[in-house]
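Survey of secondary and tertiary structure
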Amino acid sequence: MGALFAILFCSVLVMLRTCLAGDLSKDFDITWGNARMSNGGQLLTLSQDKYSGSGFQSKNEYLFGRIDMQLKLVAGDSAGTVTAYYLTSVGPEHDEIDFEFLGNVSGQPYTLHTNVFSQGKGNREEQFHLWFNPTRNFHTYSLVWNPQRIIFLVDNTPIRVFHNDETRGVPYPKSKPMRIHSSLWNADDWATQGGRVKTNWTNAPFRAYYRNFSAQACVYSSGASSCAPSSGTNSAETERAWETQDLDANGRRRLRWVQRYYRVYNYCSDAQRFPQGLPTECTRR
């Protein structure tokens, strides 16, 4: 009975394109360093030693969508390392949506650093400590990106929402297709406690692991998006729910919980950094 339930449950998830053990080699190219795919492409490992980090990028560009990936981060003393997982366009006035995991000494929490760039402008950092150890098991890190807002989620719990405030003069990433990138690299000049704690290379090689990628998204190719107008059927509306996704009452409660207990930096509360006044988008909060 349990096996039948699992099969039925996974069948439903396949309809939503989220039950993807998936061959990562179909979606990603290794771009540099000592990275490898194993288990028939179901596991991707980034590695970093004293001489080189490593990275990969998606074969496709996307213009809006929901992106999910499971990660297991560098274990033990990971001070100085950064595991970056993000969407970015190309060019000097690029758009970018960031997850960056800043390593730390053994027993101290990882810092999850988030940022949003639009038209080359960033400086919109929010940082969090997670409510679990991200090195022991895989956890799902997701981005919902639609014309109205960007939602950052961890295990489907919202941690941050960045709204489209173009009507108030705030640039918003909406017209430049972006690829998914990830890298593991050394940033001990700033990553851990502002650079005070350096990388202990006796612990190398450092490794981060990826699996179960899912993209419910509009693929952008040859100047056009793959997203045609919705057919209006229930299955199509379910699969493309991200296009208008917002937080319901439960999502707003969970967001407040994360931001109250686990957010450790918010640029919208840093008046010292912005002596001429906080950025415009901060006033909606």
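Residues numbered from 1 in each chain as written. Predicted model: local features only at pLDDT ≥ 70, side-chain atom pairs only at ≥ 80, totals over all residues. Heavy atoms only, no water.

Where an unreviewed UniProt entry is consulted, the protein chain appears under the name Xyloglucan endotransglucosylase/hydrolase, with the organism given as Kalanchoe fedtschenkoi. What the UniProt record of the protein chain gives under Function (unreviewed entry) is the line "Catalyzes xyloglucan endohydrolysis (XEH) and/or endotransglycosylation (XET). Cleaves and religates xyloglucan polymers, an essential constituent of the primary cell wall, and thereby participates in cell wall construction of growing tissues." As its UniProt record puts it under Sequence similarities (unreviewed entry), the protein chain is described as follows: "Belongs to the glycosyl hydrolase 16 family." (UniProt positions renumbered as here; feature names shortened; annotations may be inferred.)

A few words now on the environment of Leu153. With respect to the helices and strands, Leu153 occurs in strand S10 (residues 149-154). Considering only alpha carbons, one finds Leu153 and Leu255, 102 residues apart in sequence, at a separation of 9.4 Å. Dropping the residues within four chain positions of it, Leu153 is found in contact with Arg66, Phe99, Thr140, Tyr141, Ser142, Val144 and Pro158. (Helix = DSSP H or I, 4+ residues; strand = E, 2+ residues; numbered from the N terminus. Contact = heavy atoms within 4.5 Å.)

Using the criterion set out here, one finds 15 aromatic pairs in the structure. Ring centres of Phe99 and Phe101 lie 6.2 Å apart, and the angle between their planes is 15°; this geometry places the pair in the stacked category. Taken individually, Phe99 and Phe101 each receive the classification buried, so the pair is uniform in this respect. Summarising the aromatic geometry, the rings of Trp131 and Phe132 are spaced 5.5 Å apart at their centres and angled 90° between planes, so their arrangement reads as edge-to-face. By way of ring pairs, the aromatic residues Tyr85, Phe99, Phe101, Tyr141 and Phe152 are connected into one cluster. The ring of Tyr209 has Lys72 sitting right over it, with the charged end atom 5.6 Å from the ring centre. (Phe/Tyr/Trp six-rings, centres within 6.5 Å; stacked < 30°, edge-to-face > 60°. Buried < 20%, exposed > 50% of the residue type's maximum accessible area, 1.4 Å probe, protein only. Lys NZ or Arg CZ within 6 Å of the ring centre and 35° of its normal.)

In the structure shown here, the tally under the stated rule is 10 salt bridges. Across the pair Arg66 and Asp68 runs a salt bridge whose closest N-O atoms are separated by 3.1 Å. Accessibility expressed as a relative area gives 7% for Asp68, which makes it buried. Among the salt bridges present, the one from Arg124 reaches Glu281, with a minimum N-O distance of 3.2 Å. A residue pair is termed long-range when its members are at least 10 positions apart, and Arg124 in the loop between strand S7 (111-117) and strand S8 (126-128) and Glu281 in the segment after strand S15 (263-266) qualify at 157 residues. Look at Arg124 and you get buried, because its relative accessible area is 1%. Glu281 gets classed as buried once you look at its relative accessible area, which sits at 6%. (Salt bridge = Lys/Arg side-chain N within 4 Å of Asp/Glu carboxyl O.)

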